[in-house]
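# Breakdown of the fold
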Amino acid sequence: MTSPPSASSVPSPFTERIQVFYDESSRLWEQVWGEHMHHGYYGSEGRAGSPQEAQRILIEKILEWGSVPASESVPQSILDVGCGIGGSTLYLAGKYRARATGITLSPVQAARAAARAATAGLGEHVRFQVADALAMPFADDSFDLVWSLESGEHMPDKGQFLQECCRVLKPGGRLIVATWCHRPANPPLTPQENNHLTQLYQLYHLPYVISLSEYEALAQALPLQDLQTADWSQAVAPFWDDVVKSALNPQVLWGILTAGWKTVEGAMAIPLMMEGYRTGLIRYGLLTGVKQTEGQR
C-alpha cells in the first residue's frame, strides 16, 4: 500500500481564490437555499415541487443511476469530495447509516458542516475537514463510495482528481462524479464559445472544464470497470431559472452585494450559465465506475 501524497503546506493562489469564494458565499447560499449547494433535478418536463426538493431528487436519481443499493447498510464508508456545508454528506450518512467524511477547501464550510452534523445527531458518524482533493490525506482503499457532486469543475488537474478518488476507493467500491462540462469538442469549440467559457472561469473561479468524453478517457486509464457516463443537461438546466428568481428577492440581492466581491462575481456568472445551457455549450456530466480487485487487474 502506498502512502497518500503529501499536500503542500502553502495553498496556491488559485486554491485561495476558491476558498475565499466559498468562505464568503456559503452563508448566503444556506440562508436562501438551505443545505445543498448543487443543481436540482427537474426531469424531462423541467418541473419540480421546489428548488430544494429538486436538489434532494438529484441525489436520489444519481444514486439510482449509479446502482448504489436503496437499502441501509451499503455503503458503510463514504467520502464526499467537495462537500460544501455537508448537505450530501449528511444525506448519504443518514440514508445508509454509514460513516462519512467530507472534504472542502473552505474552513468556513467545514466548520458549518460539523455544526450541522452535531445538530442532526450525526456528529459521531460524520467528520469534515479542510483538504485538497488533489492530495487527499487518506490511505489507499479507505472508502467504499467516493462521491463528488459538482466539484470536478474546480479541479486544476482533472486527471489527478480522478486518480486520487480512485486511490482512496476500496476494491469493489464505487466512484460517482457529477460535474460541469463543455460540449464534445468535435467540431472544435469556436472562438465565441471559448470566450464564453473564459468569462465563466473568471467569475466562478474555475481553472477550466472538459467534455464528458474527456473525463471518460481519463477514467479508462484507471483501474475502474463498468464505466458509465450520462449527460443530464436537460434535466438540470431549469435550476438556473430558480436561481434567478431567488436573486430577484431584495433581501437576497442585498445579501449578494454585502457578502463580498467574489460573491458578486458569482452572481454575474448566472446569465452565462443560462446561456451556456441554452446553446448546449455547458453540459452536466455524470461518470461512475467500480474499482477493480487485485484479481481483475
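This section reports on the structure supplied with the text. Every chain begins its residue count from 1, and numbering advances along the sequence as written. In keeping with the model being predicted, local features are shown solely for residues with a pLDDT of at least 70 and side-chain atom pairs are shown and tallied solely at 80 or more, while totals for entire chains, interfaces and linings include all residues. Neither water nor hydrogens contribute to the side-chain values; these are computed over all heavy atoms in the structure.

### Overview of the overall build of the chain
- Runs of H or I in DSSP of at least four residues are treated as helices and runs of E of at least two as strands, each being numbered from the N terminus. In terms of regular secondary structure, the chain is built from 12 helices and 7 strands.
- Taking all 297 residues of the chain together, the buried fraction comes to 52%.
- Every residue pair with non-hydrogen atoms within 4.5 Å of one another is taken to be in contact. For the chain, contacts bridging at least 24 residues in sequence account for 78% of all contacts bridging at least 6.
- A total accessible area of about 13,300 Å² is found for the chain, and carbon and sulfur atoms account for 53% of it. Only protein chains enter the accessibility calculation, which uses a 1.4 Å probe. A residue is then buried if its area is under 20% of the maximum for its type, exposed if over 50%, and partly exposed in between. All accessible areas in this document rest on Shrake-Rupley with a 1.4 Å probe, and a residue is counted as covered only by the protein chains that are shown.

### Describing the nonpolar core
- Put simply, buried Ala, Val, Leu, Ile, Met, Phe, Trp, Tyr and Cys residues joined by side-chain atoms within 4.5 Å make one nonpolar core. Judged by nonpolar contacts, the single largest core of 54 residues is most densely connected at I62, Y204, W232, W240 and Y284.
- Among the elements that line this core, the one with the most residues is helix α2 (residues 51-65), at 6 residues.
- F143, M155, L162 and A219 belong to the second largest nonpolar core, which has 27 residues in total.

### Observations concerning the sheet that holds strand β3 (residues 126-130)
- We call two strands paired when DSSP finds no fewer than two bridges between them. Pairing is mixed in the open sheet, where 7 strands are placed in the order β3-β2-β1-β4-β5-β7-β6. Each edge of the open sheet carries a strand with a single partner, namely β3 and β6 (224-231). Strand-to-strand twist across the sheet, computed as the mean angle between neighbouring axes with direction ignored, equals 15°.
- Axis geometry follows a simple rule: fit a line to the C-alpha atoms, using only the stretch in contact for helices, then measure angles between N-to-C directions, giving values from 0 to 180 degrees. Across the sheet, helix α4 (residues 107-119) lies against β2 (99-104) and β3, angled at about 170° from β3, the strand it touches most.

### Describing the environment of L272
- Positionally, L272 belongs in helix α12 (residues 270-279).
- Classification of L272 by relative accessible area gives buried; the value is 14%.
- Ignoring sequence-local partners within four residues, the contact set of L272 consists of H196, Q199, L200 and L203.

### Observations regarding the packing of helix α6 (residues 191-204) against α12
- It is at 10 Å that the axes of α6 and α12 come closest, and there the two elements cross at 140°. α12 is crossed by α6, and the crossing has left-handed handedness. Residue-level contacts link H196, Q199, L200, L203 and Y204 of α6 to I270, L272, M273, E275 and G276 of α12.
- The residue classification treats Ala, Val, Leu, Ile, Met, Phe, Trp, Tyr, Cys and Pro as nonpolar and Asp, Glu, Lys and Arg as charged. All others, Gly included, are polar. Grouping the amino acids of the contact of α6 with α12 by side-chain chemistry returns 6 nonpolar, 3 polar and 1 charged. Two helices that cross are described as forming a left-handed crossing if the nearer one is turned anticlockwise from the farther one by less than a right angle, and a right-handed crossing if clockwise.

### So, empty space enclosed by the protein
- A cavity, in this analysis, means grid points on a 1 Å lattice covering only the protein atoms where a 1.4 Å probe fits yet has no way out; a pocket is instead an open set bounded by protein on both sides within 12 Å along at least five of seven lines, and a residue lines either one if it has an atom within 4 Å of a point. Grid points are joined across faces, edges and corners, and a volume is the space filled by probe spheres set on the points. One pass over the full model with this rule turns up 1 cavity of 30 Å³ or more.
- Lining the largest cavity are W180, L197, L200, Y201, L206, V209, M273 and I282.
- Looking at the lining of the largest cavity element by element, the count peaks at 3 residues for α6.
- Residues of the lining of the largest cavity, tallied by class, amount to 8 nonpolar, no polar and no charged.

### Observations concerning the packing of helix α1 (residues 13-33) against α4
- Axis separation between α1 and α4 bottoms out at 7 Å; the angle between their running directions is 40°. When the interaxial angle is binned, α1 and α4 end up oblique. Across the interface between the two elements, Q19, Y22, D23, S26 and E30 from α1 touch P107, V108, Q109, R112 and R116 from α4.
- In terms of residue class, the contact of α1 with α4 is built from 3 nonpolar, 3 polar and 4 charged. An angle counts as roughly parallel when it lies under 35 degrees, as roughly antiparallel when it exceeds 145, as roughly perpendicular when it falls between 65 and 115, and as oblique in every other case.

### Digging into the packing of aromatic side chains
- Centres within 6.5 Å are what make two rings of Phe, Tyr or Trp a pair, Trp counting through its six-membered ring; a difference in plane orientation under 30 degrees is then read as stacked, over 60 as edge-to-face, and the rest as tilted. The final tally for this structure, using the stated rule, is 10 aromatic pairs.
- Between Y204 and W240 the ring centres are 6.4 Å apart and the planes differ by 55°, which places this aromatic pair in the tilted class. Of this pair, Y204 sits in helix α6 while W240 sits in helix α9 (residues 239-247), and the two are 36 residues apart along the sequence. In this pair, the class of Y204 matches that of W240, namely buried.
- Summarising the aromatic geometry, the rings of F239 and W240 are spaced 5.2 Å apart at their centres and angled 85° between planes, so their arrangement reads as edge-to-face. Across this residue pair, the class does not change: F239 and W240 are buried.
- Connected via pairs of aromatic rings, a cluster forms that spans F21, Y22, W33, W180, Y204, F239 and W240.

### Observations concerning the pairing of strand β4 (residues 143-149)
- With respect to burial, β4 is a largely interior element, 6 of its 7 residues being buried.
- Here strand β1 (residues 77-81) pairs with β4 via 3 bridges, running parallel. Among the inter-strand pairings, L79 is bridged to a residue of β4, identified as V146.
- Pairing of β4 with strand β5 (residues 169-182), which is carried by 6 bridges, proceeds in the parallel orientation. Across the sheet, the residue bridging to F143 is L169, located in β5.

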